[in-house]
Amino acid sequence: MKFAGVNLDEPKIMGVINVSPESFYKGSVRNDEKALAETAVKMVEEGASFIDIGAKSTAPYLETQIPLEEEIRRAVWAVKVVKDAVDVPVSIDTTNARVAEEALKAGADIINDVTGFKGDPEMARVASEYSAPAVLCAHGKVGDFSDPVRTVIEFLEESLTIAEEHGVEDIAVDPAIGFLRPEWPPWYEWDSKVIANLNLLKLFGRPILVGISRKSFIGAITGREKPEERLAGSLSATAIAVLKGARIVRTHDVRETLDAIKVAGFIGRLSP
């Protein structure tokens, strides 16, 4: 199995770099060229197979609106800096087709759309026109609160149908950890149940990508309010996700996460 030309015979790391000061984890933010390039180089040296750039926070519980032109400016600048610094596929984390298109023109390789092609109606067209691989996140209005996994599957089915209609074939599916936040059950139970049953997403025959790193459900379970304190909990959940079938792990902490997935993968291969 491959994604964006990267062999996924073993789980791979997608390192996260944000150029959005409003991002929930301030430790991931880089706003000057030298720091941005050095972070990208370090992530690749530590084992990242992809770099993901966020020019605007997509956290559903934060006030994150910024002018479109500002998101484009940030995205284009960051993509150019990172592509000059490292030779791995770079994804642009955006819900706006114009941002995605300008980032692709600047050298980005992958579109990472947390709305799963359902937010901006032009996003699938852009992915198709540029032959860009896409990360499609489960997205929609939750109707059945009792079955998180079935909901995630249905949302991804809808996104994959849109992708198929536009001829977008190189796809990774993302179960939207941290994004589907029903009033009941509590979001941390919802996210945990999805991770515990991640293997059910194998039915799509697509690489499963998870973004767990330092998210709020980790804080809710551990009592760690600050994202800076959630590394250990993130690694625990990541190891479980890998045992359940995740092939790409999106993280702020490349070295530590790579160790966690290597151990989880090794032990997993020895299970009956």
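Before reading on, note that the structure itself is shown above.
Residues numbered from 1 in each chain as written. Predicted model: local features only at pLDDT ≥ 70, side-chain atom pairs only at ≥ 80, totals over all residues. Heavy atoms only, no water.

S.K.: Before we move on, could you go through the environment of Y130 and cite the residues and values that matter?
M.R.: With respect to the element layout, Y130 can be found in the loop between α4 (123–129) and β7 (134–137). Sequence-wise, Y130 and I110 are 20 residues apart; in three dimensions their C-alpha atoms are separated by 9.7 Å. Among all residues touching Y130, those that are not within four sequence positions of it are E101, L104 and K105. Of note is the side chain of Y130, whose polar atom sits 2.8 Å from the side chain of E101. (Helix = DSSP H or I, 4+ residues; strand = E, 2+ residues; numbered from the N terminus. Contact = heavy atoms within 4.5 Å. Polar contact = N/O pair within 3.5 Å; in protein donor to acceptor, adjacent residues only side chain to side chain.)

S.K.: I'd like to hear about the side chain of D253, residue by residue, with values.
M.R.: Note on placement: D253 falls in the loop between β10 (248–251) and α9 (254–269). Among the polar contacts listed, one links the side chain of D253 to the side chain of R214, at a separation of 2.9 Å. For D253, the contacting residues outside a window of four places in its chain are S213, R214 and L231.

S.K.: A description of a negative patch on the surface should follow, citing residues and the corresponding values.
M.R.: On the surface, a cluster of negative charge is contributed by D144, D147, E154 and E157. In this structure, E154 sits in helix α5 (residues 148–165). Taking relative accessible area as the criterion, E154 reaches 38% and is therefore assigned partly exposed. (Patch = residues over 30% accessible without salt bridge, like charges linked within 9 Å, V, L, I, M, F, W, Y side chains within 5 Å. Areas by Shrake-Rupley, 256 points an atom, 1.4 Å probe, with all protein chains shown as cover. Salt bridge = Lys/Arg side-chain N within 4 Å of Asp/Glu carboxyl O. Lys, Arg positive; Asp, Glu negative; His and termini not counted. Charge placed at Lys NZ, Arg CZ, Asp CG, Glu CD. Buried < 20%, exposed > 50% of the residue type's maximum accessible area, 1.4 Å probe, protein only.)

S.K.: Pulling in residues and values, what's your account of the sheet that holds strand β8 (residues 171–174)?
M.R.: Paired through their backbone hydrogen bonds, the strands of a sheet run either parallel or antiparallel. Read from one edge to the other, the open sheet built from eight strands follows the order β8-β7-β6-β5-β4-β3-β10-β9, with strand pairing classed as parallel. In the strand order of this sheet, the two ends are held by β8 and β9 (209–211), each with one partner. Averaged over all pairs of adjacent strands, the angle between strand axes in this sheet comes to 25°, irrespective of strand direction. As judged from the three bridges shared by strand β5 (residues 90–93) and strand β6 (residues 110–113), these two strands associate in the parallel manner. Looking at the pairing, D93 lines up with N112 of β6. Contacts between helix α2 (residues 68–85) and the sheet are confined to β4 (48–54) and β5, with β4 contributing the most and set at about 160° to the helix. (Pairing = 2+ DSSP bridges. Axes fitted to C-alpha atoms, helices over the stretch in contact; angles between N-to-C directions.)

S.K.: Give me the lowdown on empty space enclosed by the protein, citing residues and values where you can.
M.R.: A full pass over the atoms with the stated rule returns two cavities of 30 Å³ or more. Considering only enclosed or pocket space, the second largest cavity measures out at about 30 Å³ in volume. Every residue lining the second largest cavity is listed: S213, L231, S234, L235, T238, T251, D253 and T257. Among the elements that take part in the lining of the second largest cavity, helix α8 (residues 231–243) stands out by supplying four residues, more than any other. Class assignment for the residues of the lining of the second largest cavity results in two nonpolar, five polar and one charged. (1 Å grid on protein atoms, 1.4 Å probe; cavity = no way out; pocket = protein on both sides within 12 Å on 5 of 7 lines; lining within 4 Å. Points joined across faces, edges and corners; volume = space filled by probe spheres on them. Nonpolar A, V, L, I, M, F, W, Y, C, P; charged D, E, K, R; others polar.)

S.K.: With reference to specific residues and values, describe the pairing of β8.
M.R.: Neither face of β8 is left uncovered, since the one carrying I171 and V173 and the one carrying A172 and D174 both have all their residues buried. Across four bridges, β7 lies against β8 in parallel orientation. Pairing of C137 across the sheet is with D174, part of β8. Viewed along the sheet, the connection from β7 through α5 into β8 turns out right-handed. (Right-handed = clockwise from strand over helix to strand, strands pointing away.)

S.K.: Go over the pairing of β5, please, and point to the residues and values.
M.R.: Covered by surrounding structure in β5 are V90 and I92 together with S91 and D93, the residues of both alternating faces. With four bridges joining them, β4 and β5 adopt parallel strand pairing. Bridge pairing links G54 to D93 in β5. Once the chain exits β5 it traverses helix α3 (residues 97–106) before rejoining the sheet at β6, and the crossover so formed is right-handed.

The values reported here are purely geometric and, on their own, carry no functional implication.
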